[in-house]
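Each chain, written out:
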Protein chains: 2
Amino acid sequence: MTDSSPTWNSVTIVGVGLIGGSLAAAVKSRGIAQSVVGYGRNLERLNDAKNTGLIDVATVDPETAADSEWIIFCTPVDKIIPGIETLLPFCKPDTILTDAGSVKATICHQAATIIPDGVTFIGSHPLAGSEKNGFEHAEADLFAERVCVITPLPDTDRELVSRLKAFWEAVGSNVLTMLPEEHDAGLAETSHLPHIVAAALAAKLSDENRDLASTGFADTTRIASGLPELWTSIVTSNADEAIRQIDEYRDVLNQFRDALAKQDHDALQQLFQRAKANRDALD
Amino acid sequence: MTDSSPTWNSVTIVGVGLIGGSLAAAVKSRGIAQSVVGYGRNLERLNDAKNTGLIDVATVDPETAADSEWIIFCTPVDKIIPGIETLLPFCKPDTILTDAGSVKATICHQAATIIPDGVTFIGSHPLAGSEKNGFEHAEADLFAERVCVITPLPDTDRELVSRLKAFWEAVGSNVLTMLPEEHDAGLAETSHLPHIVAAALAAKLSDENRDLASTGFADTTRIASGLPELWTSIVTSNADEAIRQIDEYRDVLNQFRDALAKQDHDALQQLFQRAKANRDALD
């Protein structure tokens, strides 16, 4: 945290799981807010999180939850709009709402229709996560050196966008700003497609070949361990873009198949070379 | 290494790269052979490996290389039969040849036609590796706790099969014995298909979305960093099985696509659930 990092009185985290818990840990360890309020449906779990020191206040009361300058929805994507609707009657003017959901267009446009003047919602998506679940796996550095995409609408107050950007920078993220639709088109390729590709590979694995699956198979399918209900929500919320990506992917897969069927070593080697170049560029 | 592990005078490693170098390190660190001979085409590289202590003898002379009880071909799959042909004139009776290639049927049957009585070739495939290359990344424990498949033909001397099994167990592997064709059918699903699936995903990645690729994309495509020429050899040597796997995979991918297009949350969640169950069973 640099000297110029903003400090707030209170931040509410809605949904204290892996992402919400990690965000709470980051906010506390970096001194970004004086108090972190954890809000959810299960008071017992929230009290457990409070007892580990992850949050300062555990509450299932929407009025208590809404009494913060910042409210960050870290629930599954299909629970974000219902969560906003629950807290909204208690939000004071100047409250900023954001989220950590993996899809943005539907959420941002729905939020815009229900949020009154004075309160602001700006979408966020920190590109950090894990196939693990639960605040027990929370890491204060989960967002450090990772990209966080924020998706203001064209008419969102630029000053509030700057404050949101500063918030994510304070937890260590590199912030990219784009339209919700741009986010969803991009993430369909880099997150939703890989998830479906990995899940299809894992779903296909036959019992008799399980003993022959080694580290390569395990790495390629790691993200298929993610929670089915979470990923069902994510990909169905971005179905058109995800389907477009699957179709483009099938075309590339067919190029590999065709080269293999023709025993066209040159074509195959070029495809593998393109794959390697793209992959190596990520490291 | 247990007290009952066999000890040999000399083992020749043909091709001292990541796999060959790791095998040399395992043989030396576990005291399996008194001397490890490294054979290849590039004497300078072999001398580098010798200078690091990985091998005892560096040679480009086939006669020197053939003067061991064990000769293990750790070259790319398309170089294994040519390598055997080069060393064979110098092999003494009772020499056992094996390999570490990722495909088995073509190699084992070709070897059977060229190898004279007295000398024996039995295929091996240690399911261990890395997207890294070169003996500099060799690890003595690369094979420990990993499966090694050995693929004797039905008429291979059972005593020699036992000795090969004991060799791989001495470097720490869990040995599975199957026919070469069974190996190739199984590995097509657990290794060759994942490689093509990961490579297609990496090859498809558009430049404008690169910044949005996070750990999930990176894990799913990690194996796409493998050497293009190696993987071209592997998959073209097992093309029929690989194509069968690609076609089965496309069918599963289409099930995800269809469920998504119909917004059939139940069907999609069941597919993700099957994927997760299969993947979790590997850990």
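Residues numbered from 1 in each chain as written. Chains lettered and ligands numbered in written order. Predicted model: local features only at pLDDT ≥ 70, side-chain atom pairs only at ≥ 80, totals over all residues. Heavy atoms only, no water.

Enquirer: I tried to follow the nonpolar core on my own but got confused; where do I start?
Expert: Most often, soluble globular proteins have nonpolar side chains that are buried together. Judged by nonpolar contacts, the single largest core of 101 residues is most densely connected at I84, L97, Y249 and F256 of chain A together with I84, L97 and Y249 of chain B. Discounting residues that sit within four places of it in the chain, I84 of chain A has contacts with F73, L97, A111, I114, I115 and F121 of chain A. (Core = buried A, V, L, I, M, F, W, Y, C linked by side-chain atoms within 4.5 Å. Buried < 20%, exposed > 50% of the residue type's maximum accessible area, 1.4 Å probe, protein only. Contact = heavy atoms within 4.5 Å.)

Enquirer: What is the right way to look at the state of the cysteines in this model?
Expert: By definition, a disulfide links the sulfur atoms of two cysteines through a covalent bond. All names here are of chain B. Evaluated as defined, the whole model comprises 0 disulfides over all chains. Between C74, a cysteine without a disulfide, and C148, which holds the nearest cysteine sulfur, the sulfur-to-sulfur distance is 10 Å. Under the relative-accessibility criterion, C148 is labelled buried at 0%. (Disulfide = S-S within 2.5 Å.)

Enquirer: Please clarify how the pattern of salt bridges should be interpreted in this entry.
Expert: Proximity of charged atoms lets side chains of opposite charge pair with each other. On inspection of all chains with the given rule, the structure shows 32 salt bridges over all chains. For the salt bridge of R250 of chain A with D247 of chain A, the shortest nitrogen-to-oxygen distance reads 2.8 Å. Taken together, the residues R250 of chain A and D247 of chain A, both in helix α10 (residues 239–261) and 3 residues apart, mark about one turn of the helix. The class of D247 of chain A is partly exposed, set by a relative accessible area of 22%. For K204 of chain B, the salt bridge identified is with E248 of chain A, shortest N-O distance 2.9 Å. Here E248 of chain A lies in helix α10 and K204 of chain B lies in helix α7 (residues 180–204), a pairing that spans two chains. (Salt bridge = Lys/Arg side-chain N within 4 Å of Asp/Glu carboxyl O. Helix = DSSP H or I, 4+ residues; strand = E, 2+ residues; numbered from the N terminus.)

Enquirer: What am I meant to see in the interface of chain A and chain B here?
Expert: By a frequent convention, interface size equals the accessible area lost on bringing the separate parts together. Chain A puts 81 residues into the contact, and the matching count from chain B is 81 residues. In this assembly, chain A packs against chain B so that about 7,600 Å² is buried in total across both faces, 66% of it on carbon and sulfur atoms. The largest contributions to the chain A side of the interface with chain B come from K204, L212 and F272 of chain A, which together make up 10% of the buried area. The tally of links from chain A across to chain B stands at 8 salt bridges. Its salt-bridge partner being D219 of chain B, residue R222 of chain A comes within 2.4 Å of it at the nearest N-O pair. On the surface where chain A and chain B come into contact, there are 42 residue pairs in polar contact (both at pLDDT 80 or more). For the side of chain A that touches chain B, the secondary-structure elements that each account for two or more residues are β8 (147–151), α7 (180–204), α8 (215–220), α9 (228–236), α10 and α11 (265–280) of chain A. It is α7 of chain A that provides the largest number of residues to the side of chain A that touches chain B, a total of 17 residues. Split into classes, the residues belonging to the side of chain A that touches chain B amount to 44 nonpolar, 21 polar and 16 charged. (Buried area = accessible area lost by both parts, 1.4 Å probe. Polar contact = N/O pair within 3.5 Å; in protein donor to acceptor, adjacent residues only side chain to side chain. Nonpolar A, V, L, I, M, F, W, Y, C, P; charged D, E, K, R; others polar.)

Note that every value here comes from positions in space, so none of it alone points to a role or purpose.
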